[in-house]
Every structure is written in C-alpha cells, then in structure tokens.
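Chain by chain, the residues run as shown.
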Amino acid sequence: MAGLRFFALILLIVGVSYTAGQEDDFLYGQFPDGFLWGLATSSYQIEGGWDADGKGESGWDFWSHENNGSNIADGKNGDIACDSYNNYMADVYLLKNMGADFYRFSLSWARIIPTGKLSDGINPAGIQYYNYLIDGLIANEITPFITLYHWDLPMGLLNEGGWLNETIVEHFADFSRVVFDAFGDRVKFWLTFNEPHVFCLADWNYGIHDPFLEPPEKPYICAHNVIKSHARAFRIYDEEFRPSQNGQMGITLNCDWSEPKNQSDPEHMLAMDRSVNFRYGWWANPLLRGEYPAIMRELVDAKSEAEGRNSSRLPTFDSTWTEIITGTLDFLGLNHYSTHYVLPSDGLNGWMDGDANIRSERDPAWNSSGIGWSVVPWGLRNITTWVAREYQMPIYITENGYGAQESDMINDEERVNYYRAYINEVLKSIVYDGADVRAYTAWSLMDNYEWTLGYTARFGVHYVDFNHPARPRAPKQSAIELSQIFADNGFPLPK
C-alpha cells in the first residue's frame, strides 16, 4: 500500500478481503490525519447577478435566455439562481456550521474580464466580489479552493469560436495571471478546469444545438486547446507566482466507473480500459506524460484514415508543446457520480463510445437516484483506485453527490445513505488499495441551477427556496450527516 506511507491511519477494519472492489461490508475507521472535507458550487449555478456591476455576458447567459429558455428543462435561467452575489456570507456560514475544511467554488471569467479579453479591461467590481468571498472564508477558517473555469465562457470569446479557436489559449493565460495576482496571496489550491470531458462534448459549449453536424473533430480540437490552456496557466503559476505564493494546481476530471460486463472475458476487460482512457486518460495522460493515451491514438488515427482524412481527428502536440504540457499537475481532481457496465462493440454506435469501440448499459438491479443515475457506491472506489494505480498522483475527490427531483426537501434520507456509502468506498480505496486520496468534496453546498435541467433537479445538502426573493437556505438531513462525518474524520466504530 504505497499511498499509506504518507499517512498515520487509525483503523478498525471490517471485511478486509478484496476481490473486485465490491465487498458489501461497511468499513469502520478514520481517514488519514490531515484529510480535507469540503463542499462545492460553481459561479453560474449560484451567483446570479448575471449583469450586475459590469459583468459581461457569458455563454450560459446566452444559452439559458435563447429562444425563451427552450434549451432548459423548465425554461429558467441563472439570472438570480441562489443570489450568492448578494448573499455570499450566508454561504460562508453554511460551511462554517458544517465544519467544512474548504470551499470549492469557481470564478466567473466574464465577471472579472467582461469580454474575456484582457485588452478590453478588467472589471474591478468582479475582483472585489471574490475578494470579499475569499476574505470571509478565511476569517471563518475555511480554505478557499478555486476553479478557474467551470463552463461559463465570456460571449466575447464564444463569438470567435470559443474553445475551437487556438487564440483562447493566450486569453486563458491572461485570465489566469490576473487571478493569481489578485487572489493568490490567500488561495493555495487551484483547479484550472472543471470536467472538460463534459463541455467539449456539449452543444451549449459551441452555441449551437448540434456541434457534431460536421464529422466529429470538434471535441478533439476543444480538448487540445483546453490542455494547452491548462499547461500555460500552470507554467505561469509555477514560474511567476509559486515562489511567493506556494500553492498547488490541478485539474478536475469527471469519470463514471466502467465495470466490465463479464470480468472473465478479456475483451470486456479491454473495453473497460478503453472506456476509462477515453474519459479520464484523454486529459490526465498528456498533462502528465506529454501525449494522449496510446489506445486513443491508435483507434482515432485508424478511424480517421478509414474516413478518408488526410490527418487524424485527434491532433498531435509538437515538441515545443509536448515539453510545455508534460508534468503540469500537482494533483488530480476526480468528479464521480455513477457507474455503468461496458462491453466491446463494433465502433458504430455513436461518437466517443464509437471511437473507443465500446458500448455501455445499466444494470436494472442497481438502485437509481431521483434523476435516474445508477447508485453504485463501489464504483467510486474502483475509479479512484484505477486513477491512483495508473498515475501515482495525489487525488482530490472534487465532486460526488446525489441528485433528486425538484420536490426534494429537508428529509433527504436517500442522499444521506448515498453519502455514507460513497464516502466509505473512498476509505476502502485508501485502506485496501493504497490510493493517495487527500480530500473529499460533496456536491453541492446547496440546491442550485443545474444547467440544462434548470431547477428541476436538486443536489444540495441545503434546501433553497427559489420562490422566495431572498433565496433562504435550510440544512437538510444530509448536511447534518456530513457534518458528523467531517467531525469524526470518517466512521468510528459504534459504541
């Protein structure tokens, strides 16, 4: 258990046998000394103040307003959301009351640089808003953990092609430098991007309803520019700010677990490996090793040639960029929510899974969340352990949570059970598998605007009344349960 050498563990272990990472026994024990507990939100989902005090328009302002809200399940938008722009200290007090070690939140690029272009100027009110929030957190002994980009691209950049235009790499570098200079004296944990696998495949990222009307090279171009942007931000921090600020930087990547449908079939095991490499390795591999996973290169190159292309849909990094991107992570972030079975396929079943020659399916025997996602706690252990063994890096679990319908209220027993089970699987990954996991982050601090689902889905451990102009918050049972887990640093043996 190589990862355990970093920690002094206090353990009371029940059911220590490990076969496929699916044992049912609950593991009583505490997390390593120094393990961090936190909660997360993102700027567009909670802030509101969409055009307040000089903020520019973002892609999500545009997408949620377009065609009278027809892109969103309930036709609503994030113009007010939780009104955290005016009630940020209420959020700080929620965190304080829960005993959280840190708060993971994101910055609105358009609130800080309204057009996305530094040459057009910085918005001082945007800087001040985040200063107030950061100072409020620190005054209450809560560590700020900042995500630079959580999906809300300034329209000034989206109108010029967004993540498909390579000029965005330097615009993101400029934004990063402004942020490090403004907040880095107090912020020691940074994430460049949240879930690029999601936004590089999403229609809203391109401002059109079907970004794949053309042959599907767009997500690969988007990813290439995101990886370059991350690396530029990391190098800027490393060279210009780290010596005086002494912080850490990672990226947060989402990955469901792909369980082989038949573990005795080698082809199913290979399908699992392809699936995880096309989802997590797509980003982690170049940022640590300077190149895309070999299986991605092999398959996408071959498919591109078969399509009659002169070059691969998966771009390559030249020697200069390979040097820039390699080793640009201090830790890996992992967002995880669900699990599916994976099987080999003929590669004809749609983009991404098609390129990976896989198909996915759900086990009808698995429980489901209120929004239909499979609840499979051991999937979190398996993906955490896979990442730990593949990359040998510290892991910060940056999102994990339970979504329910809009009627979700205070007594959220299903969410309570979800958190206990999933967090216990993180403990198993540390204890049984030696994963170097440093933090756990619950999504989310409070009910908020859930993107294309609008307000029809709730993930919060605090209930928000969106019909009340003051957007009051109230703790659910899950907030009380998490508070106890935080205080106990895990699961002490019942007395």
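Residues numbered from 1 in each chain as written. Predicted model: local features only at pLDDT ≥ 70, side-chain atom pairs only at ≥ 80, totals over all residues. Heavy atoms only, no water.

Q: Any chance you could explain the environment of Trp257 here in plain terms?
A: Examined against the element boundaries, Trp257 turns out to sit in strand E8 (residues 257-260). Expressed as a C-alpha distance, the spacing of Trp257 and His336, which sit 79 residues apart in the sequence, is 8.0 Å. In this structure, Trp257 is in contact with Met272, Val276, His336, Ser338, Thr339, His340, Trp378, Gly379, Asn382, Ile383 and Trp386, ignoring residues within four places of it in sequence. Of note is the side chain of Trp257, whose polar atom sits 2.6 Å from the side chain of Glu259. (Helix = DSSP H or I, 4+ residues; strand = E, 2+ residues; numbered from the N terminus. Contact = heavy atoms within 4.5 Å. Polar contact = N/O pair within 3.5 Å; in protein donor to acceptor, adjacent residues only side chain to side chain.)

Q: What am I meant to see in the packing of aromatic side chains here?
A: To describe a pair of aromatic rings, one takes the distance between the centres and the angle between the planes. Applying the stated rule across the entire model yields 58 aromatic pairs. Seen in terms of ring centroids, Trp60 and Tyr449 are 6.4 Å apart; in terms of plane orientation they differ by 80°. Their pairing is edge-to-face. Here Trp60, found in helix H2 (residues 59-65), pairs with Tyr449, found in the loop between strand E16 (437-443) and strand E17 (457-458); they are 389 residues apart in sequence, far enough to count as distant. Judged by relative accessible area, Tyr449 falls into the buried class, the value being 0%. Here a set of aromatic residues connected by ring pairs shows up, and it is made of Tyr44, Trp60, Trp151, Trp204, Tyr449, Trp451, Tyr455 and Phe466. Here Lys218 stacks its cationic end above the ring of Tyr206, 6.0 Å away from the centre of that ring. Positioned above the aromatic ring of Tyr341 is the side chain of Lys261, whose terminal nitrogen or guanidinium carbon lies 5.8 Å from the ring centre. (Phe/Tyr/Trp six-rings, centres within 6.5 Å; stacked < 30°, edge-to-face > 60°. Buried < 20%, exposed > 50% of the residue type's maximum accessible area, 1.4 Å probe, protein only. Lys NZ or Arg CZ within 6 Å of the ring centre and 35° of its normal.)

Q: What is the right way to look at unusual backbone geometry in this model?
A: Only a minority of non-glycine residues have a phi that is not negative, and only a minority of peptide bonds are not trans. Residue Ser444 is reached from Trp443 by a cis peptide bond, and omega for that bond is 5°. You can see Ser444 is positioned in the loop between E16 and E17.

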